[in-house]
Amino acid sequence: MRIWTKIALLYTQLTFMVLVITFAAVYGITANRIYAEFYDQLWERAMMIAQVNYGKYEPSDLIYRHLTKNYPYSLNEEESFDFDADSPKLVDSLRTVVFRDKYLKELLWGKTVEYRHVEKQYVGIYYPAEVNHIIVVSAYDKLGADNMRKMLELLVIILVGSTLLVFLIGYFYAKRVMGPIRRIIDNVKSITANNLKHSLREEKGNDELSELSRTFNQMIGRLRTAFDMQNSFIRNASHELRNPLAAILGQTELTLNRPRSQEEYVQTLETVLEETERLNYTMQDLLMLAQTDFDFSRIKKEQADVQELFFVIRKEVLRSFPQAAIEIRPEGDRKYTVTGAISILRLALLNITGNAVKFSDGKPVLVSLAENQYGHILIEIIDRGIGIPTEELRHIFQPFYRGANTFRYKGTGIGLTLAKRIIELHEGHISIESQVGQGTKVTIRLDSQ
């Protein structure tokens, strides 16, 4: 069953229940009014009988003439009964007219009694005179019964017609409301892994359907980016792994073709060692890059001072580049505390600092620490190295991407990609400004804890 049909049926059921309750209330209130009006007529008949028969009126009195003039008028199936209120057989007499015993006390106390039996209505009154009397009048309200039956038929017809009309209207509007969802479903069916460039037509407005379309398009955009990065990663990774393996195989096969001198064997082993180290570095970077894709919320969080991290990083970089010069400002007792996965955050900062030193060719590198007005830690790593061409800046964070002017320097092209991902995991931000021949400035913003 379609969801709009379910909505229409649910709406119809609710409306049907409301109409039934409303019509039942209307029918009950109307029935009580009709019964009450007929009881009034019966009471008037009983009083008229009592006054005509036992009232102290002379035949010449105006009231007597008025009563006798209206007395011949009778109700449908009318019956009247006159009993001696003081008779010991009163109860038996009342039972002959289906009068209930429980009303006798009320009558003797002077109260009027009204009740129904089968289709007839009864009214009993106590009339004190020289001899106290109990007068009972009964009749069948045929006009009222006909009106009630006609009203019931009308209410049933209105109920059935209204229910059908509500279902048709509800079905039409429910289908109209669900139309955008139907279009979304059809569009989603057309989206595949090979067709992620296709997006949903966003609905107008600010309702839930519009938000659903926008959210789904944003998800498709993220998936498209992830697929593009995956494809690029696979292509570049296979290229980066293939080159050192091909060099190792080539050098080994060439050396084994014929006997070589000791110097040639040493040269071949050095080449193999160099390519193996390159392969090892690439594999390590790939493993670290894959590790950052795990659930970051499960990684143990720690606190650390960013300035102390850079002191450790400076020592590590100087082991690889003994002639490098790294200045950290300010140096002092000021602490810049961050919370996160300190081990991988240190790796990100190490990669960026190492790149700055590597591409500076011995020129000094400045690491500047500060805190802005929003409580964020700002880190600037500035070098005076070869710089990055402007047209290549937008590709600099892609896996395995290396600038055209970096062919003289060893690297895998994964360091900046890895650093950016780690910083973003810490809800930070990284940006790069550079000019060829003048140097590069990397700005990192981290939340202070």
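The structure presented is a predicted model; accordingly, all values stated were derived computationally and were not measured.

**Q** Before we move on, can you summarise the overall build of the protein with the specific residues and values?
**A** Scanning the protein from terminus to terminus reveals 10 helices and 11 strands. Going through the 449 residues of the protein one by one, you find that 37% of them count as buried. Excluding contacts between residues fewer than 6 apart, the proportion of contacts in the protein whose partners are at least 24 apart in sequence is 64%. Only carbon and sulfur atoms are counted for the fraction: they give 56% of the accessible area of the protein, which is about 27,900 Å².

**Q** Can you explain the packing of helix α1 (residues 3-54) against helix α5 (residues 142-189)? Please cite residues and give values.
**A** The N-to-C vectors of α1 and α5 enclose an angle of 160°; their axes lie 8 Å apart at closest approach. Our classification of the angle between α1 and α5 gives roughly antiparallel. Considering how the two elements wind past one another, α1 and α5 form a crossing that is right-handed.

**Q** Tell me what's going on with the sheet that holds strand β3 (residues 120-127), and back it up with residues and numbers.
**A** Reading across from one edge, β1-β4-β3-β2 is the order of the four strands in this open sheet, with antiparallel pairing throughout. Looking at the sheet topology across the chains shown, the edges are occupied by β1 (79-84) and β2 (113-117). Ignoring strand direction, the axes of neighbouring strands in this sheet form an average angle of 20°. As paired strands, β2 and β3 are joined by five bridges and run antiparallel to one another. Bridge assignment links Glu 114 to a residue of β3, and that residue is Val 123. The strands that α1 touches are β1, β2, β3 and β4 (133-139); relative to β3, the one it contacts most, it runs at about 40°.

**Q** Outline the pairing of strand β10 (residues 429-435), listing residues and values.
**A** Of the two faces of β10, the one lined by Ile 430, Ile 432 and Ser 434 is fully buried and the one lined by His 429, Ser 431, Glu 433 and Gln 435 carries no buried residue. Here β10 runs beside strand β11 (residues 439-447); their pairing, made up of seven bridges, is antiparallel. Note that in β11 the partner of His 429 across the bridge is Arg 445. Between β10 and the antiparallel strand that follows it, β11, lie three residues; Gly 437 among them carries a positive phi value of about 85°.

**Q** Hey, could you go over the packing of aromatic side chains for me, with residue numbers and the actual values?
**A** One pass over the full model with this rule turns up five aromatic pairs. Ring centres 6.3 Å apart and planes at 5° place the aromatic pair Phe 81 and Phe 83 in the stacked group. For Phe 81, a relative accessible area of 22% translates into the label partly exposed. With relative accessibility at 13%, the residue Phe 83 sits in the buried group. Relative to Tyr 171, the ring of Phe 167 lies with its centre 6.1 Å away and its plane at 35°, an arrangement referred to as tilted. With Phe 167 and Tyr 171 both in helix α5 and four residues apart, this pair spans about one turn of that helix. Directly above the aromatic system of Phe 397 lies the positively charged group of Lys 420, at a separation of 5.7 Å from the ring centroid.

**Q** Got a sec to walk through the packing of helix α8 (residues 306-320) against helix α9 (residues 342-358)? Specific residues and values, please.
**A** Between α8 and α9, the least distance of the axes is 10 Å, while the angle of their chain directions is 50°. For the element pair α8 / α9, the angle class is oblique. For the crossing formed where α8 meets α9, the hand is right-handed. Residue-level contacts link Leu 309, Phe 310, Ile 313, Glu 316 and Val 317 of α8 to Ile 342, Arg 346, Leu 349, Leu 350, Thr 353, Gly 354 and Val 357 of α9. For the contact of α8 with α9, the per-class residue count stands at eight nonpolar, two polar and two charged.

**Q** Requested: an account of α8, with residues and values cited.
**A** Helix length check: α8 (15 residues) gives 21 Å between terminal C-alpha atoms against 21 Å at 1.5 Å per residue, within 8%. Among all positions of α8, only Val 306, Gln 307, Leu 309, Phe 310, Ile 313 and Val 317 are buried. One side of α8 carries all its buried residues, which in axial view fall inside an arc of 140°. The exposed set on the far side of α8, more than 90 degrees from its buried face, consists of Lys 315 and Arg 319.

**Q** Could you give an account of the side chain of Arg 260, with specific residues and numbers?
**A** Among the secondary structure elements, Arg 260 is positioned in the loop between α6 (208-256) and α7 (262-291). Despite being buried, Arg 260 has no salt bridge partner; Glu 264 is the closest side chain of opposite charge, sitting 4.2 Å away. Polar side-chain contacts of Arg 260 include one of 2.6 Å to the backbone oxygen of Leu 254. Here Arg 260 is in contact with Leu 254, Thr 255 and Tyr 265, once residues within four sequence places are set aside.

**Q** Explain a nonpolar patch on the surface residue by residue, including any values.
**A** A cluster of nonpolar residues, Leu 10, Leu 14, Phe 16, Met 17 and Val 20, forms a patch on the protein surface that exposes about 460 Å² of accessible area. Inspection of the secondary structure assignment puts Met 17 in helix α1.

**Q** Account for the sheet that holds strand β8 (residues 365-371), naming residues and giving values.
**A** As summarised here, the arrangement of the five strands in space is β6-β8-β9-β11-β10, forming an open sheet in which the pairing is mixed. Each of the sheet's edge strands pairs with one partner strand only, and the pair in question is β6 (326-329) and β10. If you compare each strand with its neighbour and ignore which way they point, the axes differ by 15° on average. Strands in contact with α9 are β6, β8, β9 (376-383), β10 and β11; relative to β9, the strand with the most contacts, it is inclined by about 25°. Contacts from helix α10 (residues 415-425) reach β10 and β11 within the one sheet, and its direction differs from that of β10 by about 145°.

**Q** Got a sec to walk through the environment of Gln 303? Specific residues and values, please.
**A** With respect to the helices and strands, the residue Gln 303 is situated in strand β5 (residues 302-305). Exposure remark for Gln 303: the relative accessible area of 58% places this residue in the exposed category. For the pair Gln 303 and Val 338, spaced 35 residues apart in sequence, the C-alpha separation works out to 5.6 Å. Side chain to side chain, Gln 303 and Thr 339 meet in a polar contact 3.4 Å long.

**Q** Describe the pairing of β9, listing the residues and the values that go with them.
**A** Here β8 pairs with β9 via six bridges, running antiparallel. Note on β9: the bridge partner recorded for Leu 369 is Ile 379. Taking the residues between adjacent antiparallel strands as the criterion, β8 and β9 are bridged by four residues, where Gly 375 takes a positive phi near 85°. Sheet topology note: the β9/β11 ladder contains eight bridges and is antiparallel. Among the inter-strand pairings, Asp 383 is bridged to a residue of β11, identified as Thr 440.

Quick notes on the rules
- Residues numbered from 1 in each chain as written.
- Predicted model: local features only at pLDDT ≥ 70, side-chain atom pairs only at ≥ 80, totals over all residues.
- Heavy atoms only, no water.
- Helix = DSSP H or I, 4+ residues; strand = E, 2+ residues; numbered from the N terminus.
- Buried < 20%, exposed > 50% of the residue type's maximum accessible area, 1.4 Å probe, protein only.
- Contact = heavy atoms within 4.5 Å.
- Areas by Shrake-Rupley, 256 points an atom, 1.4 Å probe, with all protein chains shown as cover.
- Axes fitted to C-alpha atoms, helices over the stretch in contact; angles between N-to-C directions.
- Parallel < 35°, antiparallel > 145°, perpendicular 65-115°, else oblique.
- Left-handed = near helix turned anticlockwise from the far one by under 90°.
- Pairing = 2+ DSSP bridges.
- Phe/Tyr/Trp six-rings, centres within 6.5 Å; stacked < 30°, edge-to-face > 60°.
- Lys NZ or Arg CZ within 6 Å of the ring centre and 35° of its normal.
- Nonpolar A, V, L, I, M, F, W, Y, C, P; charged D, E, K, R; others polar.
- Expected span 1.5 Å × (residues − 1).
- Arc of directions from axis to C-beta.
- Lys, Arg positive; Asp, Glu negative; His and termini not counted.
- Salt bridge = Lys/Arg side-chain N within 4 Å of Asp/Glu carboxyl O.
- Polar contact = N/O pair within 3.5 Å; in protein donor to acceptor, adjacent residues only side chain to side chain.
- Patch = residues over 30% accessible without salt bridge, like charges linked within 9 Å, V, L, I, M, F, W, Y side chains within 5 Å.

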